[in-house]
Amino acid sequence: MNNGDFEKKIQYIFKDKELLNKALTHSSFCREHGTEVKNNNERLEFLGDAFFDAIISVELYKLLEKVDEGKLTKTRALIVCEKSLAQVARRLDIGAYLNMGKGEEHSGGRHRESILADAVEAVVGAIYLDGGFEEAFRFVSREFAKTIEDALAGRIFTDYKTQVQEVLQKRGKKIIISYHLDREEGPDHDKTFYVHLSCNGKVLGRGSGKSKKEAEQNAARETFHLLSENQF
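Everything numeric here is computed off the predicted structure, so don't read it as measured data. One numbering rule holds for all chains: residues counted from 1, following each sequence as written. Local features in a predicted model are, by the rule used here, given only for residues with pLDDT of at least 70; side-chain atom pairs are given and counted only at 80 or more, and totals for whole chains, interfaces and linings are based on all residues. Side-chain measures were taken over the full set of non-hydrogen atoms in the model, leaving aside hydrogen atoms and water.

1. Brief notes about the nonpolar core
Item 1. Residues enter a nonpolar core if they are buried and are Ala, Val, Leu, Ile, Met, Phe, Trp, Tyr or Cys, with the set joined through side-chain atoms within 4.5 Å. Per-residue accessibility, obtained with a 1.4 Å probe over protein chains only, is compared with the maximum for each type, and a residue is labelled buried under 20%, exposed over 50%, and partly exposed between these values. Phe-6, Ile-10, Ile-56, Ile-94 and Val-123 are the most contacted members of the largest nonpolar core, which totals 58 residues.
Item 2. Here a helix means four or more residues in a row that DSSP labels H or I, a strand means two or more in a row labelled E, and each is numbered from the N terminus. Per-element tally for this core: the top contributor is helix α8 (residues 113–131), with ten residues.
Item 3. For the purposes of this description, domain bounds are those given by an automatic or database domain assignment. Looking at which domains feed residues into this core, each of domain 1 (3–153) and domain 2 (160–229) supplies at least three.
Item 4. Two residues form a contact once any of their heavy atoms are found within 4.5 Å. Excluding residues that lie within four positions of it along the chain, Val-123 makes contacts with Phe-6, Ile-10, Ala-23, Leu-24, Ile-94 and Phe-139.

Here it is in structure tokens:
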């Protein structure tokens, strides 16, 4: 594919074309062609990851003026993740432009979420080196505007029930997780449900929602964050 077409998609024209080429070169291509490791996109990915985090942090800091550090961190985590990066990569069709080894390509590498996500971070790093922070900021804030909007509106869904189960199972104990409805409030057409999660009889987290499923997810979310902070 023509990298010039990709530049049109990302709305940025590189002064140093080699930077873009490197950002679009997977390590499998270098291995297969016997070129130096420094010619793949891993170092640019390292750089882009740092600036991507920083840019999203700045955007959330400006948008969420009244929330604390904990809420900012949790919201950022929904955006700065492999899934969100891969979604943007697919929209830009970045997989079609990647220089990739034939073995990796035949095994589905052009569509692999981790490879796509890494490539987007590499592009961020390349734009930073070529055009500076403002250009990198412009690219990230534009391409991830919908992702940020969805995160703020609660439209990015994380299955906390599954995550809690996985975390607890890794602790090597036999676990029995259950969700208990504590109470319901409000009229039939506008009820709020209150639920708690227990593991082996011990209450770990509580949550509420407009449906029992939503309340259970929120109880699991509270539990997950408490587990992540080693409070249990």
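2. Describing the packing of helix α6 (residues 82–91) against α8
Item 1. Where α6 contacts α8, the axes come no closer than 8 Å and their chain directions differ by 80°. When the axes of α6 and α8 are compared, the pair comes out roughly perpendicular. Listed contacts from α8 to Glu-82, Lys-83, Leu-85, Ala-86, Ala-89 and Arg-90 of α6 are Glu-113, Ser-114, Leu-116, Ala-117, Val-120 and Glu-121.
Item 2. All amino acids are sorted into three groups, where Ala, Val, Leu, Ile, Met, Phe, Trp, Tyr, Cys and Pro are nonpolar, Asp, Glu, Lys and Arg are charged, and the leftover types, Gly among them, are polar. Grouping the amino acids of the contact of α6 with α8 by side-chain chemistry returns six nonpolar, one polar and five charged. Angles run from 0 to 180 degrees between N-to-C directions of axes, and those axes are lines fitted to C-alpha atoms, restricted for helices to the stretch in contact. Should an angle fall under 35 degrees it is called roughly parallel, over 145 degrees roughly antiparallel, and 65 to 115 degrees roughly perpendicular, with every other angle called oblique.

3. Thoughts on the domain arrangement of the protein chain
Item 1. On domain assignment, one finds that the protein chain holds domain 1 (3–153) and domain 2 (160–229).
Item 2. In this structure, domain 1 and domain 2 have C-alpha centres spaced 34 Å apart.

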